[in-house]
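What the coordinates show
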Amino acid sequence: MDVGLRQLVIDAWSWLNYKPVMAEAGRQGNRAFPELAKTWVPPQELRRLAAYKVLASYDNNQAGQLAAAGGDEAALERRELGDAANLVDTALGYLLGSEQKVAVEGAEHADEATPTPGAAEAAAVQQRLRSWADKELLTLRVQQAERAAVLLGDSVMVLAWNPEKQRPTLRVYDPGFFFPQWDDGADDDFPSRVHLAWELPADDEAGIKARVRRVTYELGPISDGEEEGASGTRTYPWESGRTSNVTCYLTDAEWRLEDLKSGETLDRLPMSKASFRVAADGTELNRLDLMLDFVPVVHIANTIPDGGEHWGRSVLARVLQALDELAATDSDGSAASATTGTPIIGLAGARLPVDRVTGRPQELEVRAGAVWQLGETGRMDALDTSPQLAELRARVDHLLERIAANSRVTAAGLGTLDATEVPSGYALKLALGPLDALIGMMRLAREHKYRLLFKMVQRLYQAGRAEGWTAGETLPARLAWAPHTPTDRGAVLEEVVTAYGAGVLSLETAVAMLLEAGYPIRDASQEVERIRAKAQQEAEARMAEAAARHRRDEDEEDLDGDAGPGVGEERNLMKRESEREPVVSGR
């Protein structure tokens, strides 16, 4: 007998293999993922897109509806109370901290008495980047991108130069629209070709049919514009003295779905049937030369990808089955609470009322004030389900603890830890240890990507010849995160005062430590400048006071010399008497 085994798939989304809907992704007639059956969707991307939809359903309390669309009709009765969204928002809050700032290496030394070489330039670039961040609402964009990354595992940010605003613009895209094209065998950290594609619905009233839009960024040889296929060279402002023959081309086009045939996937769409979009200045967006030697697209992964992989993992990945168990237990608890509040009652020997129309006994209702007539041998028994309800509630607490532990957000991080169970602050720090490791890993996965983002911003300013941005090497900048957990500010202050007073810490380092501890310091360099200005004012005041005291003493000596002997001793005696502590009256 031939026994067929299900195919075992191990990839970046293997933790979703227990879901029956994952095996049906891309199948024609599938109600769970009808959009994945489109002809333009690449087959190798089906599992990733299906995983995004499954995770989004948990975030919106629709996991039961998705399971029902896959054939499990009983899943519609599942109670989902926002536990998945709470876990995502909690992890996001710890990741972001209280604030994020753009920091350029070396800018903190610009206000020192002897600034290091390049510190003034770094401070100027930092100020311009922070101004750009304020105009582009960077804090909002980061939160948009990071929530998608924490929930789905991936997020995408795209930069573009805006001639009217004279600055780069930043937009966040759904990772389901992101289709990077990796060259086989290429040892590159970044793809040389990237598609952003999504489907546009039909508009029957306007007579517009369903379309697919594809925005493509592609690195290729520079065309000299005279002969097709001929290549030229160019010197970019950030690499003065070095020529390059590579540039980035932008293509923005649409195709009607009815014009696409089987096999014409995203990377094989027929250009003869494309309808190209037009820029605001009337330029057709068909291989438009962006005058850049990089693709202005930044992909953010929530975790550090495994070797050979490019995609991150959701914070829900390893606890998804526990969330299913929690939803099922909540549903059972709801049913048990119904029978506990309105119990099932058995009557024996009761005289039931009769319906005058049908002549049949009427059903009794359990309600307050109801009176039932029982015979001499009558008896009433109530089914007590409260022990089962208590057990279900205990199981809910157990599942929440399991979810907190396995997600590494911890019970202390989720706020479910009883404060009376923590004997000391050190014990709380140990309880938050897994959370510290989780946030450290997540921030490490993003460190290079935000450095890359700010490098692109600087180069877009240089390519756009914006005022104040001269040609030259791009300065390294990063996104500085605030502490994710509360710190003992009093202990940090005492440490800073002691170390700075002993001369083992510079003023810049001391202020940076206070800033990281959560003190309301908006700008470290400005705070250092204010502290030094105040110290200089106090020193000048002390010097002026000492000079005035010295002059007064000299004047008194001159007077003593003019008044003759004995007068000086008398004046000193009167001065000492006036400095004595006054005697309390009546003593």
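Our structure's up above, just so we're on the same page.
These notes cover the structure that comes with them. (Residues numbered from 1 in each chain as written. Predicted model: local features only at pLDDT ≥ 70, side-chain atom pairs only at ≥ 80, totals over all residues. Heavy atoms only, no water.)

1. Describing the overall build of the chain
To be explicit about the condition: For helices the rule is a DSSP run of H or I covering at least 4 residues; for strands it is a run of E covering at least 2, with both sets numbered from the N terminus onward. Between buried and exposed lies partly exposed: a residue is buried under 20% and exposed over 50% of the maximum accessible area for its type, with that area taken using a 1.4 Å probe on protein chains only. Shrake-Rupley sampling with a 1.4 Å probe provides the accessible areas, and residues are treated as covered by the protein chains on show and by no other component.
Counting its secondary structure elements, the chain contains 15 helices and 15 strands. Per-residue burial over the chain gives 37% buried out of 587 residues. As displayed, the chain has an accessible area near 34800 Å², and 50% of this comes from carbon and sulfur atoms.

2. A few points about the packing of aromatic side chains
Operational definition: In this analysis, rings of Phe, Tyr and Trp, with Trp reduced to its six-membered ring, are considered paired at centre separations within 6.5 Å, and the interplanar angle assigns stacked below 30 degrees, edge-to-face beyond 60, and tilted for intermediate values. The rule for a charge over a ring is simple: NZ of Lys or CZ of Arg within 6 Å of the ring centre, and within 35 degrees of the ring normal.
Scanning all chains against the criterion turns up nine aromatic pairs. Ring centres of Tyr 461 and Trp 469 lie 4.6 Å apart, and the angle between their planes is 0°; on these two criteria the pair is classed as stacked. The burial state of Tyr 461 is the same as that of Trp 469; both residues are buried. In this arrangement the basic side chain of Arg 48 is found over the ring face of Trp 311, its NZ or CZ atom lying 4.1 Å from the centre.

3. Brief notes about the nonpolar core
Under the convention used in this document: Each nonpolar core is a collection of buried residues, namely Ala, Val, Leu, Ile, Met, Phe, Trp, Tyr and Cys, held together in the definition by side-chain atoms within 4.5 Å. Any two residues whose heavy atoms approach within 4.5 Å at even a single point are treated as in contact.
In terms of nonpolar packing, the biggest core is built from 112 residues, with Trp 40 and Leu 316 touching the most fellow members. Of the residues forming this core, the biggest block, 12 residues, is contributed by helix H11 (residues 433-463). Residues within four places of Trp 40 in sequence aside, it is in contact with Phe 179, Ala 197, Trp 198, Glu 199, Val 212, Leu 257, Leu 260, Glu 264, Thr 265, Leu 266 and Leu 269. Ranked by size, the runner-up nonpolar core spans nine residues in total, among them Ala 510, Leu 514, Ile 521 and Val 528.

4. Side note on helix H6 (residues 138-152)
Selection criterion: Here the expected length of a helix is defined as 1.5 Å per residue gap, with one fewer gap than residues.
With 15 residues, H6 ought to run about 21 Å at 1.5 Å a step, and its terminal C-alpha atoms sit 21 Å apart, in line with that. By the burial criterion, the buried members of H6 are Leu 138, Arg 141, Val 142, Ala 145, Glu 146, Ala 148, Ala 149, Val 150, Leu 151 and Leu 152. Downstream of H6 by a residue or two, Gly 153 has a phi angle that is positive, lying close to 100°.

5. Thoughts on the pattern of salt bridges
What counts is decided by this rule: The working definition used for a salt bridge is a side-chain nitrogen of Lys or Arg within 4 Å of a carboxyl oxygen of Asp or Glu.
Scanning the entire structure with this criterion turns up 25 salt bridges. Glu 136 is the partner of Arg 171 in a salt bridge, and the nearest nitrogen-oxygen pair spans 3.6 Å. With Arg 171 in strand E3 (residues 167-173) and Glu 136 in the loop between helix H5 (119-135) and H6, this pair connects stretches of sequence that are 35 residues apart. Residues Glu 325 and Arg 395 are paired through a salt bridge, measuring 3.0 Å at the closest nitrogen-oxygen approach.

6. Notes on the sheet that holds strand E2 (residues 154-162)
Worth spelling out the cut-off: Two strands are counted as paired when DSSP detects at least two bridges linking them. Where helices are involved, their axes are fitted lines through C-alpha atoms of the stretch in contact, as for all axes, and angles between N-to-C directions lie from 0 to 180°.
A sheet is described by the order of its strands in space; here three strands give the open sequence E3-E2-E12, paired in antiparallel fashion. Edge positions in the open sheet fall to E3 and strand E12 (297-301), since each of these has one partner strand only. Adjacent strand axes in the sheet meet at a mean angle of 25°, parallel and antiparallel pairs treated alike. Two strands pair when backbone bridges link them, and E2 and E12 are joined in this way by five bridges, in the antiparallel orientation. Residue pairing in the sheet places Val 156 in a bridge with His 299 of E12.

7. Here we look at the packing of helix H4 (residues 83-96) against H6
Axes are the key here: two packed helices are described by the angle between their axes and the distance separating the axes. Test applied: Convention used here: angles under 35 degrees read as roughly parallel, angles over 145 as roughly antiparallel, angles from 65 to 115 as roughly perpendicular, and any remaining angle as oblique. With the far helix as reference, a near helix turned anticlockwise by less than a right angle produces a left-handed crossing, and one turned clockwise produces a right-handed crossing. Amino acids are sorted into nonpolar (Ala, Val, Leu, Ile, Met, Phe, Trp, Tyr, Cys and Pro), charged (Asp, Glu, Lys and Arg) and polar (every other residue, Gly among them).
Where H4 meets H6, the closest approach of the two axes is 10 Å, and the angle between their N-to-C directions is 130°. Comparing their axes, H6 and H4 come out oblique. With respect to the hand of their crossing, H4 and H6 are arranged in right-handed fashion. Residues Ala 85, Val 88, Asp 89, Ala 91, Leu 92, Leu 95 and Leu 96 of H4 form the contact with H6, whose own contacting residues are Val 142, Gln 143, Glu 146, Arg 147, Val 150 and Leu 151. Of the residues belonging to the contact of H4 with H6, the class tally is nine nonpolar, one polar and three charged.

8. A look at the side chain of Ser 155
Convention followed: Two N or O atoms form a polar contact when they lie within 3.5 Å of each other; inside protein one atom must be a possible hydrogen donor and the other a possible acceptor, and for residues adjacent in sequence the pair counts only when both atoms belong to side chains.
Its place among the elements puts Ser 155 in strand E2. One polar contact links the side chain of Ser 155 to the main-chain carbonyl oxygen of Ala 145, over a distance of 2.9 Å. Contact partners of Ser 155, with chain neighbours within four places excluded, come to Ala 145, Ala 148, Ala 149, Val 172, Pro 175, Val 298, His 299 and Ile 300.

9. Some thoughts on the pairing of strand E6 (residues 211-221)
The buried fraction of E6 is high, at eight of 11 residues. Examined bridge by bridge, strand E5 (residues 193-200) and E6 share eight bridges and lie antiparallel to one another. When the sheet's bridge partners are listed, Leu 200 is paired in E6 with Arg 211. By the bridge criterion, 11 bridges tie E6 to strand E9 (residues 246-256) in an arrangement that is antiparallel. Within the sheet, the bridge partner assigned to Val 212 lies in E9 and is Trp 255.

10. Describing a nonpolar patch on the surface
Basically, it comes down to this: Two distance rules govern patches: like charges are joined within 9 Å, and nonpolar side chains (Val, Leu, Ile, Met, Phe, Trp, Tyr) within 5 Å, applied only to residues with over 30% relative accessible area and no salt bridge.
On the surface, a nonpolar cluster with roughly 320 Å² of combined accessible area is contributed by Leu 347, Leu 352, Leu 374 and Met 380. Structurally, the position occupied by Leu 374 is in strand E14 (residues 374-382). Residue classification places Leu 374 among the partly exposed positions, given a relative accessible area of 39%.

11. Topic: the pairing of strand E4 (residues 178-181)
For a regular strand, side-chain orientation follows a simple rule: the groups alternate between the two sheet faces. Across the two faces of E4 the burial is the same, with Phe 178 and Pro 180 and Phe 179 and Gln 181 all buried. Here E4 pairs with E5 via four bridges, running antiparallel. Its bridge partner lying in E5, Pro 180 is registered against Val 194.

12. What to know about unusual backbone geometry
Its identity is not glycine, yet Gln 166 carries a phi of approximately 55°, on the positive side. Here Gln 166 shows up in the loop between E2 and E3. Using a relative accessible area of 38% as the deciding quantity, one classes Gln 166 as partly exposed. Positive phi values are uncommon outside glycine, yet Thr 410 reaches one of about 70°. Among the secondary structure elements, Thr 410 is positioned in the loop between helix H8 (386-407) and helix H9 (411-414). Using a relative accessible area of 9% as the deciding quantity, one classes Thr 410 as buried.

13. Section: H4
The terminal C-alpha atoms of H4 lie 20 Å apart, and with 14 residues this matches the ideal 20 Å at 1.5 Å per residue to within 8%. A large share of H4 lies buried, amounting to 10 of its 14 residues. Residues of H4 that are buried: Ala 84, Ala 85, Leu 87, Val 88, Thr 90, Ala 91, Leu 92, Tyr 94, Leu 95 and Leu 96. One or two steps after H4, the chain reaches Gly 97, where phi turns positive at roughly 70°.

None of this, on its own, says anything about what the molecule does.
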